[in-house]
Amino acid sequence: MDQNCIELIGVSKCYQSSSGERWALQEINLKIKQGEFVGIAGRNGSGKTTLARLFNGLILPTAGKVLVNGMDTADRRYLFQIRSQVGMVFQNPDHQIVSPIVEEDIAFGPENLGFPREKVKELVERALKDLGLEKLRNHAPHLLSGGQKQRVAIAAVLAMQPAYLVLDEPTAMLDQQANIQLIRHLKRLRQEYGMTIVLISHHMEDLTFVDRVIVLDKGRIQLDGSPASVFQEINTLERCGLKQPEIVQMADNLRKKGYQVDPDIVNLEQMVEHICRLLKLKV
Ligand SMILES: Nc1ncnc2c1ncn2[C@@H]1O[C@H](COP(=O)(O)OP(=O)(O)O)[C@@H](O)[C@H]1O
Ligand SMILES: [Mg+2]
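From a predicted model like this one, the values you see are computed outputs, not experimental measurements.

Engineer: Can you help me understand the environment of Arg212 in this one?
Structural biologist: Examined against the element boundaries, Arg212 turns out to sit in strand β9 (residues 212–217). Within the local environment of Arg212, its side chain forms a polar contact with the side chain of Glu36, the two groups lying 3.1 Å apart.

Engineer: Looking at this structure, how should I read the packing of aromatic side chains?
Structural biologist: The geometry of an aromatic ring pair is captured by two quantities: the separation of the ring centres and the angle between the planes. Summed over the entire model, instances satisfying the criterion amount to zero aromatic pairs. Between Arg77 and the ring centre of Tyr78, over which it is positioned, the NZ or CZ distance is 5.4 Å.

Engineer: I tried to follow the site of ligand 1 on my own but got confused; where do I start?
Structural biologist: Every residue lining ligand 1 is accounted for by Tyr15, Arg22, Ala24, Arg43, Asn44, Gly45, Ser46, Gly47, Lys48, Thr49 and Thr50. Here an oxygen atom of ligand 1 and a backbone polar atom of Ser46 are 3.2 Å apart. A distance of 3.1 Å separates an oxygen atom of ligand 1 from a polar atom in the backbone of Gly47. The protein chains hide 66% of the 560 Å² of surface that ligand 1 would expose on its own. Secondary structure elements with two or more residues in the shell around ligand 1: β2 (20–33) and α1 (48–55). Ranked by residue count, the leading element in the shell around ligand 1 is α1, at three residues. Within the shell around ligand 1, the residues separate by chemical class into two nonpolar, six polar and three charged.

Engineer: Is there a simple way to think about the domain arrangement of the protein chain in this case?
Structural biologist: The assigned domain composition of the protein chain is domain 1 (5–230) and domain 2 (245–282). Spacing between the C-alpha centres of domain 1 and domain 2 amounts to 32 Å. Regarding the contact of domain 1 and domain 2, the summed buried area is about 560 Å², with carbon and sulfur atoms giving 61% of it. Three residues stand out in domain 1 for area buried against domain 2, namely Glu205, Thr208 and Ala228, and they jointly supply 63% of the buried area on that side. Across the contact surface, domain 1 and domain 2 share one salt bridge. Linking Glu269 and Lys187 is a salt bridge whose minimum nitrogen-to-oxygen distance equals 2.8 Å. The tally of links between domain 1 and domain 2 comes to three residue pairs in polar contact (both at pLDDT 80 or more). Along the lines of polarity and charge, the residues of the side of domain 1 that touches domain 2 split into four nonpolar, one polar and two charged.

Engineer: What am I meant to see in empty space enclosed by the protein here?
Structural biologist: One simple way to see leftover space: roll a probe sized like a water molecule over the atoms. Under the definition given, this model contains one cavity of 30 Å³ or more. Considered as a void within the structure, the largest cavity measures approximately 40 Å³ in volume. Contributing to the lining of the largest cavity are Ala228, Gln232, Val248, Ala251, Arg255, Pro263, Ile265 and Val266. Partitioning the lining of the largest cavity into residue classes produces six nonpolar, one polar and one charged.

Engineer: What should I look at first to understand the pairing of strand β4 (residues 63–68) in this one?
Structural biologist: Each regular strand carries side chains that alternate between the two faces of the sheet. Relative to β4, strand β1 (residues 5–17) runs antiparallel, the two sharing five bridges. By the bridge assignment, Ile6 is partnered in β4 with Val68. Across two bridges, β4 lies against strand β5 (residues 71–72) in antiparallel orientation. Pairing of Val68 across the sheet is with Met71, part of β5. Joining the antiparallel neighbours β4 and β5 is a turn of two residues, in which Asn69 adopts a positive phi near 45°.

Engineer: I'm lost on the packing of helix α3 (residues 102–112) against helix α4 (residues 117–130) in this one. Help?
Structural biologist: Angle between the axes and distance between the axes are the two parameters that describe a pair of packed helices. Between α3 and α4, whose axes approach to 9 Å, the crossing angle comes to 125°. As the angle between them shows, α3 and α4 are arranged oblique. α3 and α4 meet at a crossing whose hand is right-handed. Taken together, the residues of α4 that come into contact with α3 (itself represented by Val102, Glu103, Ile106, Ala107, Pro110 and Glu111) are Val120, Leu123, Val124, Ala127 and Leu128. Taken together, the residues of the contact of α3 with α4 break down into nine nonpolar, no polar and two charged.

The rules behind each value
- Residues numbered from 1 in each chain as written.
- Chains lettered and ligands numbered in written order.
- Predicted model: local features only at pLDDT ≥ 70, side-chain atom pairs only at ≥ 80, totals over all residues.
- Heavy atoms only, no water.
- Helix = DSSP H or I, 4+ residues; strand = E, 2+ residues; numbered from the N terminus.
- Polar contact = N/O pair within 3.5 Å; in protein donor to acceptor, adjacent residues only side chain to side chain.
- Phe/Tyr/Trp six-rings, centres within 6.5 Å; stacked < 30°, edge-to-face > 60°.
- Lys NZ or Arg CZ within 6 Å of the ring centre and 35° of its normal.
- Near = heavy atom within 4 Å.
- Areas by Shrake-Rupley, 256 points an atom, 1.4 Å probe, with all protein chains shown as cover.
- Nonpolar A, V, L, I, M, F, W, Y, C, P; charged D, E, K, R; others polar.
- Domains from an automatic or database assignment.
- Buried area = accessible area lost by both parts, 1.4 Å probe.
- Salt bridge = Lys/Arg side-chain N within 4 Å of Asp/Glu carboxyl O.
- 1 Å grid on protein atoms, 1.4 Å probe; cavity = no way out; pocket = protein on both sides within 12 Å on 5 of 7 lines; lining within 4 Å.
- Points joined across faces, edges and corners; volume = space filled by probe spheres on them.
- Pairing = 2+ DSSP bridges.
- Axes fitted to C-alpha atoms, helices over the stretch in contact; angles between N-to-C directions.
- Parallel < 35°, antiparallel > 145°, perpendicular 65-115°, else oblique.
- Left-handed = near helix turned anticlockwise from the far one by under 90°.
- Contact = heavy atoms within 4.5 Å.

This is the structure we're talking about:
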């Protein structure tokens, strides 16, 4: 068995409510390996949050198994270990603030995990630096902007040194500028530490920097592959209520006009590089 992964085996999840049963996920088989940067997309109600909550045992599957580094989330003996391995960041950063000062907020997690004082200091410093928050360390988190608050929330999770970072629509409440900045930080975490990141987003543009995109609809996995391959599936994306990212549309339009555009181009940086190359060839 592969130990360094989150694995879902035949997972289904049914919620019981006054209006009856609701199958939020059905027969999901999925493996997220350490070191991967995975994006998850899907319209409202497709099962994304349910999936995220299953990853760290916040909820348990109705059928099937969720294993985190080989530990079954249904086995209560592992719950603490699983929760400290799988760090979660949610949509609304206001719900995640626990302290009136940024650096104390970030220290809260590692202190609770029982790290020695010196280690806590080191982890807080690193998390502040990684999320570009050094200048805000003594500020009150609830007075910060949405983007800054969300970066504090991510720093607070990172300071606990989880093996997996799961973010459930962290950009949903942010303006475009803050959104871009947040994604840039995630990219850097990935590049510098090879951090395993699962990013749930309904902004397709957010998912143009990941290694693998999973599309959910009606509680089932509809697509799973490289961004370039998933974004080519126009019909399936449309059926799932999703659109191709703009750069992919642009690349298709350029192709229709007879330009050769590499099929792997899915984000702005890659497109700029490509156009520069094209222009140089013409000069
Ligand atoms: N606590 C709950 N009780 C009953 N139904 C729920 C609950 N949470 C989610 N659902 C239902 O499960 C489905 C998937 O929801 P969710 O995982 O939140 O999707 P997403 O995050 O993609 O919007 C939806 O139909 C939703 O109404
Ligand atoms: Mg959700």
